[in-house]
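Take a look at the letters that make up each chain.
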Number of protein chains: 2
Amino acid sequence: MARASSVKDVAARAHVSLGTVSNVLNRPERVSPATRAKVEQAMRDLGFVRNESARQLRAGRSRTLAYVLLDARNPFFTDVAQGAELAAESAGLSLFLCHSGNRPSREADYLAHLVEQRVQGILVTPVDPHAAVLDDVRRNGTPLVIVDRTREDAEFCSVAVDDVLGGRLAVEHLVEAGHTRVAFIGGPETIGQVRDRLAGARQAWAAAGLPDDQLTVIATDALTVAEGRSAGERVMGIGSSRRPTAAFCVNDLLALGLLQQLSTAGLSVPRDLAIVGYDDIEYAAAAAVPLTSVRQPRQELGRRAAELVLDEAEDPDHQHQQVVFTPELVARRSTLG
Amino acid sequence: MARASSVKDVAARAHVSLGTVSNVLNRPERVSPATRAKVEQAMRDLGFVRNESARQLRAGRSRTLAYVLLDARNPFFTDVAQGAELAAESAGLSLFLCHSGNRPSREADYLAHLVEQRVQGILVTPVDPHAAVLDDVRRNGTPLVIVDRTREDAEFCSVAVDDVLGGRLAVEHLVEAGHTRVAFIGGPETIGQVRDRLAGARQAWAAAGLPDDQLTVIATDALTVAEGRSAGERVMGIGSSRRPTAAFCVNDLLALGLLQQLSTAGLSVPRDLAIVGYDDIEYAAAAAVPLTSVRQPRQELGRRAAELVLDEAEDPDHQHQQVVFTPELVARRSTLG
DNA sequence: TTGTAAGCGTTATCAA
DNA sequence: TTGATAACGCTTACAA
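Predicted model only: the values in this text are computed from it and were never measured.

Here we take up the domain arrangement of chain A. Split into domains, chain A comes out as domain 1 (7–50), domain 2 (62–161 + 298–325) and domain 3 (163–296 + 329–336). Centre-to-centre separation of domain 1 of chain A and domain 3 of chain A, based on C-alpha positions: 64 Å.

Turning our eyes to something else, we now look at the protein's contact with DNA strand C. By nearness alone, 28 residues border DNA strand C, and Val7 and Arg58 of chain A together with Ser17, Thr20 and Thr35 of chain B come closest of all. Per the 4 Å cut-off to the protein, sugar and phosphate atoms form 67% of the nearby atoms of DNA strand C. The separation between a phosphate oxygen of DNA strand C and a polar main-chain atom of valine 7 of chain A is 2.5 Å. Taking threonine 35 of chain B, its side chain carries an N or O atom lying 2.8 Å from a phosphate oxygen of DNA strand C. Secondary structure elements with two or more residues in the surface near DNA strand C: helix H1 (7–14), helix H2 (18–26) and helix H4 (52–59) of chain A together with helix H2 (18–26) and helix H4 (52–59) of chain B. Here the surface near DNA strand C gets 5 residues from one element, more than from any other, and that element is H2 of chain A. Each residue belonging to the surface near DNA strand C can be placed in one class, and the counts come to 10 nonpolar, 10 polar and 8 charged.

Another point: the UniProt feature "domain: HTH lacI-type" (unreviewed entry) in chain A. When the UniProt feature table is mapped to this numbering, "domain: HTH lacI-type" (unreviewed entry) covers residues 5–59 of chain A. What you have in residues 5–59 of chain A is 71% helix and 0% strand, and the ends, taken at the C-alpha atoms, are 21 Å apart.

Moving on, we get to the interface of chain A and chain B. Between chain A and chain B, the contact holds 58 residues from the first and 57 residues from the second. A combined buried area of about 5,200 Å² lies between chain A and chain B, and 51% of that area is made up of carbon and sulfur atoms. When the buried surface of chain A facing chain B is broken down by residue, Arg73, Phe96 and Tyr283 of chain A rank first, second and third, together holding 13% of it. Counting across the chain A and chain B interface gives 6 salt bridges. Arginine 106 of chain B is paired through a salt bridge with glutamate 89 of chain A; the nearest N and O atoms lie 3.0 Å apart. Summed over the shared surface of chain A and chain B, the result is 23 residue pairs in polar contact (both at pLDDT 80 or more). Sorting the residues of the side of chain A that touches chain B by element identifies H4, helix H5 (75–90), strand E2 (94–99), helix H6 (104–116), helix H10 (225–237), helix H11 (252–264) and helix H12 (282–286) of chain A as the ones contributing at least two each. For the side of chain A that touches chain B, a count of residues per class yields 24 nonpolar, 18 polar and 16 charged.

Attention now goes to the pairing of strand E7 (residues 215–219) of chain B. All names here are of chain B. With 5 bridges joining them, strand E6 (residues 182–186) and E7 adopt parallel strand pairing. Bridge assignment links glycine 186 to a residue of E7, and that residue is alanine 219. Handedness of the crossover joining E6 and E7 through helix H9 (residues 192–207) is recorded here as right-handed.

This brings us to the packing of helix H6 (residues 104–116) of chain B against helix H7 (residues 132–139) of chain B. Residues and elements named next belong to chain B. The interhelical angle for the contact between H6 and H7, taken along N-to-C directions, is 0°, at an axis separation of 10 Å. Judged by the inter-axis angle, H6 sits roughly parallel to H7. Residues Glu107, Ala108, Leu111 and Val115 of H6 touch H7, and the partners they reach there are Val133, Leu134 and Val137. Of the residues belonging to the contact of H6 with H7, the class tally is 6 nonpolar, no polar and 1 charged.

With that settled, consider the protein's contact with DNA strand D. Around DNA strand D there are 26 residues in total, and Ser17, Thr20 and Thr35 of chain A together with Val7 and Arg58 of chain B lie nearest to it. The sugar-phosphate backbone supplies 70% of the atoms of DNA strand D found within 4 Å of the protein. Within the side chain of arginine 58 of chain A, one N or O atom sits 3.4 Å away from a base nitrogen of DNA strand D. A distance of 3.3 Å separates a phosphate oxygen of DNA strand D from a polar side-chain atom of asparagine 26 of chain B. At the level of secondary structure, the elements contributing two or more residues to the surface near DNA strand D comprise H2 and H4 of chain A together with H2 and H4 of chain B. A per-element tally of the surface near DNA strand D places H2 of chain B first, with 5 residues. Looking at the surface near DNA strand D residue by residue, the class counts come to 10 nonpolar, 9 polar and 7 charged.

Below, the discussion takes up the packing of aromatic side chains. The way to describe two aromatic rings as a pair is by their centre distance and the angle between their planes. According to the stated counting rule, one finds 9 aromatic pairs over all chains in the structure shown. Ring plane angle 5° and centroid distance 5.0 Å describe the contact between phenylalanine 96 of chain A and phenylalanine 96 of chain B, whose orientation is recorded as stacked. With phenylalanine 96 of chain A in strand E2 and phenylalanine 96 of chain B in strand E2 (residues 94–99), the pair connects residues from two separate chains. Look at phenylalanine 96 of chain A and you get buried, because its relative accessible area is 2%. Taking the centre distance of 6.3 Å and the plane angle of 35° together, the rings of phenylalanine 248 of chain B and tyrosine 278 of chain B count as tilted. In this pair, phenylalanine 248 of chain B sits in strand E8 (residues 246–249) while tyrosine 278 of chain B sits in strand E9 (residues 274–279), placing the two residues 30 residues apart along the sequence. Residue tyrosine 278 of chain B is classed as buried on the basis of its relative accessible area of 0%. By way of ring pairs, the aromatic residues Phe96 and Tyr110 of chain A together with Phe96 and Tyr110 of chain B are connected into one cluster.

Attention now moves to the side chain of asparagine 74 of chain A. All names here are of chain A. Locating asparagine 74 in the fold gives a position in the loop between strand E1 (64–69) and H5. Judged by relative accessible area, which is 10%, asparagine 74 ranks as buried. Side-chain polar atoms of asparagine 74 contact the backbone nitrogen of phenylalanine 76, separated by 2.8 Å.

Criteria and thresholds
- Residues numbered from 1 in each chain as written.
- Chains lettered and ligands numbered in written order.
- Predicted model: local features only at pLDDT ≥ 70, side-chain atom pairs only at ≥ 80, totals over all residues.
- Heavy atoms only, no water.
- Domains from an automatic or database assignment.
- Near = heavy atom within 4 Å.
- Polar contact = N/O pair within 3.5 Å; in protein donor to acceptor, adjacent residues only side chain to side chain.
- Helix = DSSP H or I, 4+ residues; strand = E, 2+ residues; numbered from the N terminus.
- Nonpolar A, V, L, I, M, F, W, Y, C, P; charged D, E, K, R; others polar.
- UniProt positions renumbered as here; feature names shortened; annotations may be inferred.
- Contact = heavy atoms within 4.5 Å.
- Buried area = accessible area lost by both parts, 1.4 Å probe.
- Salt bridge = Lys/Arg side-chain N within 4 Å of Asp/Glu carboxyl O.
- Pairing = 2+ DSSP bridges.
- Right-handed = clockwise from strand over helix to strand, strands pointing away.
- Axes fitted to C-alpha atoms, helices over the stretch in contact; angles between N-to-C directions.
- Parallel < 35°, antiparallel > 145°, perpendicular 65-115°, else oblique.
- Phe/Tyr/Trp six-rings, centres within 6.5 Å; stacked < 30°, edge-to-face > 60°.
- Buried < 20%, exposed > 50% of the residue type's maximum accessible area, 1.4 Å probe, protein only.

Printed below as a string of structure tokens:
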């Protein structure tokens, strides 16, 4: 494949100067119709395509945003991405998705690459919101917004959902349904969300005046379907006198795994165990027993994050903001019998 | 935020020439340890980050691949992406994901942008494999591989799975289990996969000597959970004497929707209706009744596609190849009672 | 070992 | 209306 043609080649073929070609591209009204036609014909003949690197080098900034996400298989993140996409689109930018797969090294590689590319802004759901890589991006001047995680300092904009409230909503719902022995399923506690949802669960539990030891924490190693199945086995291993009558899972994948494990074992949901999930992914409503779940405004999260990153890129007086959205409980058959 | 610093700034601060700075970056062994240390210190002081646009402009090519996919929410595509990622990583490249959301205009925008960025190569699962946008990319000299779709001409490399065979495997499995009235659920038929899987289904049906009219086609408008539910209602509306005893769904999302609809209606899978899905996504195994499904080597698909696109980018003697992988049936409870 | 200078393709300024 | 030229930041001959 021959070298792609440049404005210079177009100029030569159209017998005009290089500046005129550029004008055709950027200020066509300044060019006489005749020469414009000539130039456009030459472009077609040569299959001319602007070289974005050169434009960018000249302009100092690119026309792209990027979202570095933890897990492209988790519908939560793809919904966030979709929201960001909409915002990017209306700003005339492209959004690239980068999949860190929960690996700090890949995340770091992507962030470094994006900074080198001088993207307009980066959205990231980081493996660890306190990792130094994020501060490096900031220091290098690329706007960055943290999505679905928070940091105590105000070094970055962030958008997140109130997970303490979400945990509270879930457990209040179970308490109202009369449950007095509940399992909290999730982990590891290194994940802020796990801690927050547990804290909310405990708040609701205490507020209902129920004894601490009747809220059992079942720790998992990850938030996956497989871990949900394994948690199911552990729940069922609890002696029937002390066995919880309901479970609150930190996300829907766990809840789906739990549901499957129970139904494999011939138990019925919600009769034998009521289940509340978290995230309200599409598969939650589509499960054989539709899952009660805590819904987060996912698209809105992405949209707002993209807006913030653009504000940071464009407004010299930009102030960092921590946006916190409110979750909402969606009750379905898995708790309503 | 002040302008990011350049090699020139670093050179000034380290009191060396700009060429030396470049050497530190690209051929550090040619620089004396003392000056190298000086330069590296200056880089740290200034928070220097290479400008990738400039490098790229100079080098004429970028260090990225991109995969333009139809639907980031469909685990099939994210698994393909993961395979591509692995291949990209071992070639030292970054992979960006672009989500067309099944919209030809977004797909075209992304492709145009990627060509302008002079990415090393593009993988794409196109809305329409015959659309002219693909030929435009080719004409502009960017290597492009079609993923999970095929074209009759040999203008592009492509990687796909034998969908006719997949359809045959699914229906052979049902026939072996003794079913003589089967529903084929899927659509629209504009999607090549739908046509191929149906063709395979019919082959297996005919080979078993079963009458045409006992293989009922239930057309859907899309391959989604919601459409699966609606198909479920239609299946159940068929008079019991003529109602199919098994269904083959063109993908797992349809199958999951169907499964949910049936269980909502109090029917049992596989007793009242056996179900075979397609894709073997994670949620298929995790459904309340684990789904029998046709598995495609998804990661392998992505890996191979990335390899082909790199070959096209690097080997002047590159020959286009149509790679076809073989699917495999995974039997689970939804057909095994 | 280090420095100088040309050039990648684009845009924008200024002059013709 | 069009053309010549400089500049963006980097890499790489080539010269010192």
